[in-house]
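Listed here are the chains, written in short residue letters.
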Amino acid sequence: MKSADYYINFFNVVYITKDALPYEASAKALKALRALPVKEISAKDEIPEKDLNRHTLLITTAKGETVARCPGSKGHVCCNYLTVDLYLGCMLDCSYCIMQGYLNFAPITVYVNNEVAIKKIINIRRRNPGVPIRIGTGEVGDSLALDSLFHLSQDFIKKLAEYKDLFFELKTKTHFVDHLLELEPKGNAVIGFSLNPDIIIASEEKRASSLAERLAAAGKAVRAGYLVSFHFDPIILIKNWESVYRETVLRLAAFDSRKIAWISLGTMRYTKFLREQMQERDYLYDEFVPCRDGKYRYLKPVRERVYMLMKEWISGIGKIPLYMCMESTGIWRNVFGKLPGKITELCAIFTNVKKIR
Amino acid sequence: MIYLTPKELLSRRNDFDLFSSPAGISDQRLIKQLYMPFPVAGNKLIWGFPLIRQARDLGIEQVLCRDFSEFKMHELLQLALVCEDRKGSYSWQEKENIVLFCEKHKLSLIDHDVTALIENHSDPDFYQKVKRYSAYPEALKGLLNKNLIDGKTAERISVLPRLFFQKLLRNAKKFTFAERRIFCSYVFEIVGRDTLNAEQAEKLVRKIFSFDTPLQKIREIRYPKLSDLERRLADYKKQYFRGSGIVLHEPPYFEGNAFTLTFSFENKQQYEKKITKLARLKENIHEICRLLH
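Cut-offs used in this document
- Residues numbered from 1 in each chain as written.
- Chains lettered and ligands numbered in written order.
- Predicted model: local features only at pLDDT ≥ 70, side-chain atom pairs only at ≥ 80, totals over all residues.
- Heavy atoms only, no water.
- Pairing = 2+ DSSP bridges.
- Helix = DSSP H or I, 4+ residues; strand = E, 2+ residues; numbered from the N terminus.
- Contact = heavy atoms within 4.5 Å.
- Buried area = accessible area lost by both parts, 1.4 Å probe.
- Salt bridge = Lys/Arg side-chain N within 4 Å of Asp/Glu carboxyl O.
- Polar contact = N/O pair within 3.5 Å; in protein donor to acceptor, adjacent residues only side chain to side chain.
- Nonpolar A, V, L, I, M, F, W, Y, C, P; charged D, E, K, R; others polar.
- Buried < 20%, exposed > 50% of the residue type's maximum accessible area, 1.4 Å probe, protein only.
- Right-handed = clockwise from strand over helix to strand, strands pointing away.
- Domains from an automatic or database assignment.
- Core = buried A, V, L, I, M, F, W, Y, C linked by side-chain atoms within 4.5 Å.
- Patch = residues over 30% accessible without salt bridge, like charges linked within 9 Å, V, L, I, M, F, W, Y side chains within 5 Å.
- Areas by Shrake-Rupley, 256 points an atom, 1.4 Å probe, with all protein chains shown as cover.

**With respect to the sheet that holds strand 4 (residues 63-67) of chain B**
Residue and element names in this part refer to chain B.
Line of reasoning, step 1. What the four strands build is an open sheet, ordered 1-4-2-3; its pairing is mixed. If you trace the sheet from one side to the other, it starts and ends with strand 1 (2-4) and strand 3 (44-45), each paired once.
Line of reasoning, step 2. Here three bridges tie strand 1 to strand 4, and the two strands are oriented antiparallel to one another. For Tyr 3, the partnering residue across the bridge sits in strand 4 and is Leu 64.

And the structure:
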């Protein structure tokens with residue numbers, strides 16, 4: 001867990017909408033952040049322009065749909081993940097993040113009325129009997145970067161624990177898991193760690209936890225009884241990428257493979273808009289080409305080789321469900337020999353949850 | 001209103017001679033005095049230098065002026081900008097002139113709202129941008145002032161060797177505006193990717209401009225793997241399909257699963273000829289398929 005100073009040093013001001021005031025999560029966070037100026041507002045649009053940036057924290061309630069399908073990517077295979085908007089925006093400042101392009105000019109937002117999303121997930125569970133459901137809060141923000149302030153994930157874990165085949169995933173680049181360890185019951189909650197070799201963390205994920213810290217947190221989570229997942233995404237092809245990624249994969253051998261719910265792979269990709277927002281990085285001078293969804297990726301034969309090698313290294317540490325994020329059917333066929341729907345251990349992961357409305 | 005001679009107005013060096021826009025009115029209008037009086041402070045011209053030069057060249061002895069001596073220096077600059085009325089279309093050279101004028105006369109661009117009369121949208125970085133421009137090599141300034149590249153590209157590539165800007169300025173007509181932008185990006189990215197020092201970068205620049213099609217050549221260097229795939233495909237097309245009437249289509253950037261073949265026929269003979277040709281390709285088709293796998 002991070003001390004309040006970590007957040008106080010990052011944020012300049014806190015805005016809270018009146019409807020978020022009665023929530024326990026708001027009270028907890030405001031107590032920890034009492035050194036910061038706190039301003040009550042009726043609606044988000046009352047925030048002055050000078051504070052429309054990620055050093056402003058907005059505590060509010062979600063008004064619209066809080067549970068949705070991962071938007072996927074046109075012409076690419078989607079893993080049918082469901083997403084919950086809980087933390088919107090991120091303080092970790094990774095150079096490649098899509099949020100650099102879209103969310104930098106907005107406050108980091110926390111939706112404290114998590115009971116709405118929990119109710120919705122339970123409803124989805126009931127309407128799709130027997131269908132495995134994977135759902136997570138890490139789509140538009142880091143699941144745990146602010147969670148030690150708000151403790152919002154605990155309710156999800158506890159209240160969803162009784163539902164079979166419901167995998168609630170908290171995806172993070174931090175090691176902030178301590179507040180979750182004692183929690184019971186845990187059900188099928190999965191704590192997911194995005195991984196990259198230290199050399200890439202140091203240059204591109206500067207505010208995130210080190211690899212050692214993330215792996216240590218994963219170890220704690222496993223010992224406490226959680227399932228964990230690992231996400232090598234984005235894989236960035238620095239000059240010695242093979243040795244540094246192989247080394248990183250090998251460090252996962254320390255985990256009981258039965259406790260690893262899944263591992264995902266994704267190579268570096270960006271939209272044209274994001275590229276314009278990004279500062280110059282050496283890795284951007286590699287050969288990226290526009291794909292069917294408009295995103296730029298490494299050339300197909302390059303990606304295939306990356307996935308083949310990663311697959312080979314990962315298979316060496318145990319039988320763990322492995323999938324690729326936002327990849328084309330061609331790549332799936334060339335790397336796995338078939339599409340995920342035909343791969344036994346991926347069937348559950350890729351099942352389409354039909355009724356979510 | 002007062003009358004002053006063009007000679008008098010142009011006799012001394014004048015800081016207000018900021019703009020390089022051409023004279024905007026006809027000789028006849030100047031001769032017949034069909035113009036707004038020229039603003040002056042004392043006998044110092046504030047705006048209209050190209051017109052006064054035009055009047056001088058026409059032999060006009062006196063021009064109608066209005067005296068604004070009571071104006072402060074920043075008001076005179078604002079007046080000049082209002083008369084010029086070219087918000088959003090000032091060249092970098094003109095913007096530099098304005099900034100230097102403000103520095104010399106200790107005027108604040110922000111306090112006196114000067115940038116609002118220069119740019120379409122207020123730009124808090126205006127001063128920094130112009131100062132960066134001031135530090136550019138002359139050839140890069142030339143590219144900007146001739147609208148051959150945009151400000152953002154100039155800023156990005158400003159670290160490249162001067163030789164590059166000189167060669168680009170000389171060869172500007174070989175590219176469209178968009179091509180020039182891409183060309184600059186490629187050169188910049190290759191220098192960054194291959195960590196070329198100044199000498200190596202100059203060598204690259206010389207090499208690139210020695211080709212008739214520098215853009216194509218630089219793309220091959222910037223995208224070696226993609227270019228190799230394209231070259232191999234072009235060879236296959238030449239070897240197996242040239243003159244056959246059968247066209248092989250690859251997915252864009254080889255980002256797909258399948259090739260497509262198209263051909264047309266008018267009768268049975270033509271159809272059989274195409275099918276026979278395709279049947280013969282069976283032995284080699286795997287070479288082409290390998291490009292996607």
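There's more to say after this.
**Here's the deal with the interface of chain A and chain B**
Line of reasoning, step 1. Each partner contributes to the interface: chain A provides 24 residues, whereas chain B provides 19 residues.
Line of reasoning, step 2. The largest per-residue losses of area from chain A upon contact with chain B belong to Tyr 285, Glu 287 and Lys 300 of chain A, which jointly make up 37% of the total buried on that side.
Line of reasoning, step 3. The tally of links from chain A across to chain B stands at three salt bridges.
Line of reasoning, step 4. Note that Glu 189 of chain B is salt-bridged to Arg 275 of chain A, the shortest N-O span being 4.0 Å.
Line of reasoning, step 5. Scanning the region where chain A abuts chain B turns up 12 residue pairs in polar contact (both at pLDDT 80 or more).
Line of reasoning, step 6. Of all elements in the fold, only helix 11 (272-277), strand 14 (288-290), helix 12 (300-315) and helix 13 (329-336) of chain A reach the threshold of two or more residues within the side of chain A that touches chain B.
Line of reasoning, step 7. Here the element with the most residues in the side of chain A that touches chain B is helix 12 of chain A; it accounts for five residues.
Line of reasoning, step 8. Its residues assigned to classes, the side of chain A that touches chain B comprises 10 nonpolar, four polar and 10 charged.

**Details of the pairing of strand 12 (residues 260-267) of chain A**
All names here are of chain A.
Line of reasoning, step 1. The buried fraction of strand 12 is high, at eight of eight residues.
Line of reasoning, step 2. Bridging between strand 11 (residues 227-235) and strand 12 involves six bridges; their strand directions are parallel. By the bridge assignment for strand 12, His 231 is matched with Ser 264.
Line of reasoning, step 3. Viewed along the sheet, the connection from strand 11 through helix 10 (residues 241-250) into strand 12 turns out right-handed.
Line of reasoning, step 4. The pairing of strand 12 with strand 16 (residues 322-324) spans three bridges and is classified as parallel. Paired with Ile 263 across the bridge in strand 16 is Leu 322.

**Comments concerning the domain arrangement of chain B**
Line of reasoning, step 1. Along its sequence, chain B is organised into domain 1 (2-129), domain 2 (148-222) and domain 3 (227-292).
Line of reasoning, step 2. Here the C-alpha centre of domain 3 of chain B lies 35 Å away from the C-alpha centre of domain 2 of chain B.

**Quick notes on the nonpolar core**
Line of reasoning, step 1. Core analysis: the largest hydrophobic core is formed by 211 residues, its most contacted members being Leu 146, Phe 150 and Phe 230 of chain A together with Phe 164 of chain B.
Line of reasoning, step 2. Not counting chain neighbours up to four residues away, the residues in contact with Phe 164 of chain B comprise Ile 157, Phe 183, Cys 184, Val 187, Val 205 and Phe 209 of chain B.
Line of reasoning, step 3. Of all hydrophobic cores here, the second largest spans five residues; its members include Val 13, Tyr 15, Ile 47 and Leu 58 of chain A.

**Some details on a nonpolar patch on the surface**
Residues and elements named next belong to chain B.
Line of reasoning, step 1. Together, Phe 265, Tyr 271 and Ile 275 give the surface a local cluster of nonpolar side chains, amounting to about 270 Å² of exposed area.
Line of reasoning, step 2. Relative to the assigned elements, Tyr 271 resides in helix 14 (residues 268-281).
Line of reasoning, step 3. Taking the relative accessible area as the measure of exposure, Tyr 271 reaches 37% and is therefore partly exposed.

**Brief notes about the sheet that holds strand 7 (residues 108-111) of chain A**
All names here are of chain A.
Line of reasoning, step 1. Read across the sheet, five strands follow the order 2-1-3-7-6 without closing on themselves; strand pairing throughout is mixed. Of all the strands in the sheet, the pair left with one neighbour each is strand 2 (38-41) and strand 6 (87-88).
Line of reasoning, step 2. Of the strand pairs in this sheet, strand 6 and strand 7 are connected by two bridges, and their pairing is antiparallel. If you follow Tyr 87 over to strand 7, its bridge partner there is Val 110.

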